[in-house]
There are 2 protein chains.
Amino acid sequence: MPGKTPSAPKAGVDVPADEPKVELGLLSEVLGFRLRRIQNHLSRSLIERLRRPDVRSGAFSALALIDANPGISQKSLAREIGLDQATVVSIVDALETQGWAQRRRAETDRRRHALSITPVGARVLAEFRTVYLANEAGIYAALSEAERTDLFCLLDKIYGVCFSKD
Amino acid sequence: MPGKTPSAPKAGVDVPADEPKVELGLLSEVLGFRLRRIQNHLSRSLIERLRRPDVRSGAFSALALIDANPGISQKSLAREIGLDQATVVSIVDALETQGWAQRRRAETDRRRHALSITPVGARVLAEFRTVYLANEAGIYAALSEAERTDLFCLLDKIYGVCFSKD
């Protein structure tokens, strides 16, 4: 498949003169590599910006989804975040301990939990949002509005087609 | 900014009838969320496919870059993978212990290490490649050739502009 590999645009790259351009080799075919290396940078800078060692990875996503979908189940939350249910249960445990979200038995089905955000959780979420957007501001400055829309649509399409049934 | 948020195409999504469609809420603005949830799925399925607990995250990327760039420095490797240098040094330590890659003092600059892949490492890399491509096959089936090219170009542009100088 190397012949089908798209060539990478390298506009704006300022590699030091003594460092030859790095070839991606086999990685030019691999989406996971491209996702992960951007994610590596975003995660590191987010931790520096947040300065909240009490906030674990996934907490912001869970809180935002609970806020946007009052009464959401842990199963739906897990499906939308892309984590297994056990991990999501432990994230929700932490959110409940912090007083940011709460579980109630669903009225329609007593076996499942309905999640909701607390007023304190809503304030924390608003603070997190500012930090997350600031953390990604450099990326949006590098893309046109149309490129950003294309990128989000392509990533949402992948998730919708490949993973949202899990 | 909510008004500028691109709407997500949801073609092919088959959410169970008893689960209402989940709204992304604030996350509709966040690239990191989109990257991470795809990455979460890819990482889990990759671990299941590889069945190699001795292979740590980042080993395949490092090996592929060393293969494609004989003599590459650890600094360049770290920049291209998006990890800090200490993490990359420990990945290279493991690759050296496994006999898959080796460090030598660079002839032009004795302070830096030049990395190279071993014959065993090259064989392992070829095996890994098959597993990585199989792991992502569902994604490529969901995208047209043009969509895949657009996606890779957009992700490479983000990396090139925002992170390749770090």
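Residues numbered from 1 in each chain as written. Chains lettered and ligands numbered in written order. Predicted model: local features only at pLDDT ≥ 70, side-chain atom pairs only at ≥ 80, totals over all residues. Heavy atoms only, no water.

1. A closer look at the relation of the copies chain B and chain A
Alright, step 1. Superposition of chain B onto chain A requires a rotation of 180° combined with a translation of 0.0 Å along the rotation axis, giving an RMSD of 0.0 Å. What we have between these two chains is a two-fold relation. Proximity to the rotation axis, assessed at the C-alpha, singles out B:L35 in chain B; its C-alpha lies 2.9 Å from the axis.
Alright, step 2. Here 100% of the contact residues of chain B are again contact residues in chain A; the copies associate through an equivalent surface. (Least-squares fit on C-alpha atoms with pLDDT ≥ 70 in both. Contact = heavy atoms within 4.5 Å.)

2. Quick word on the packing of aromatic side chains
Alright, step 1. Under the criterion given, the structure shown has ten aromatic pairs over all chains.
Alright, step 2. Pairing B:F60 with B:F128 gives two aromatic rings, centres 6.1 Å apart and planes at 55°, and the pair type is tilted. With B:F60 in helix α2 (residues 59-68) and B:F128 in helix α5 (residues 119-142), this pair connects stretches of sequence that are 68 residues apart. Exposure class is identical for B:F60 and B:F128. Each is buried.
Alright, step 3. Above the plane of the ring of B:Y159 lies A:R37, whose end atom (NZ or CZ) is 3.9 Å from the centre. (Phe/Tyr/Trp six-rings, centres within 6.5 Å; stacked < 30°, edge-to-face > 60°. Helix = DSSP H or I, 4+ residues; strand = E, 2+ residues; numbered from the N terminus. Buried < 20%, exposed > 50% of the residue type's maximum accessible area, 1.4 Å probe, protein only. Lys NZ or Arg CZ within 6 Å of the ring centre and 35° of its normal.)

3. Remarks on the side chain of A:N69
Alright, step 1. Inspection of the secondary structure puts A:N69 in the loop between α2 (59-68) and α3 (74-81).
Alright, step 2. A distance of 2.9 Å separates the side chain of A:N69 from the backbone oxygen of A:L65, its partner in a polar contact.
Alright, step 3. Of note is the side chain of A:N69, whose polar atom sits 2.7 Å from the backbone nitrogen of B:E23.
Alright, step 4. Contacts of A:N69, omitting those with residues within four sequence positions, involve A:L115, B:K21, B:V22 and B:E23. (Polar contact = N/O pair within 3.5 Å; in protein donor to acceptor, adjacent residues only side chain to side chain.)

4. Concerning the confidence of the model for chain A
Reading predicted coordinates in detail is not appropriate for stretches of low pLDDT.
Residue and element names in this part refer to chain A.
Alright, step 1. Looking at chain A as a whole, the pLDDT averages 87, with 88% of positions reaching at least 70.
Alright, step 2. Taken as a whole, residues 1-15 scores under 50 in pLDDT and shows 23 contacts with residues more than four places along the chain or in a different chain.
Alright, step 3. Overall fold confidence (pTM) sits at 0.83, and the ipTM for the predicted complex is 0.84. (pLDDT = per-residue confidence, 0-100.)

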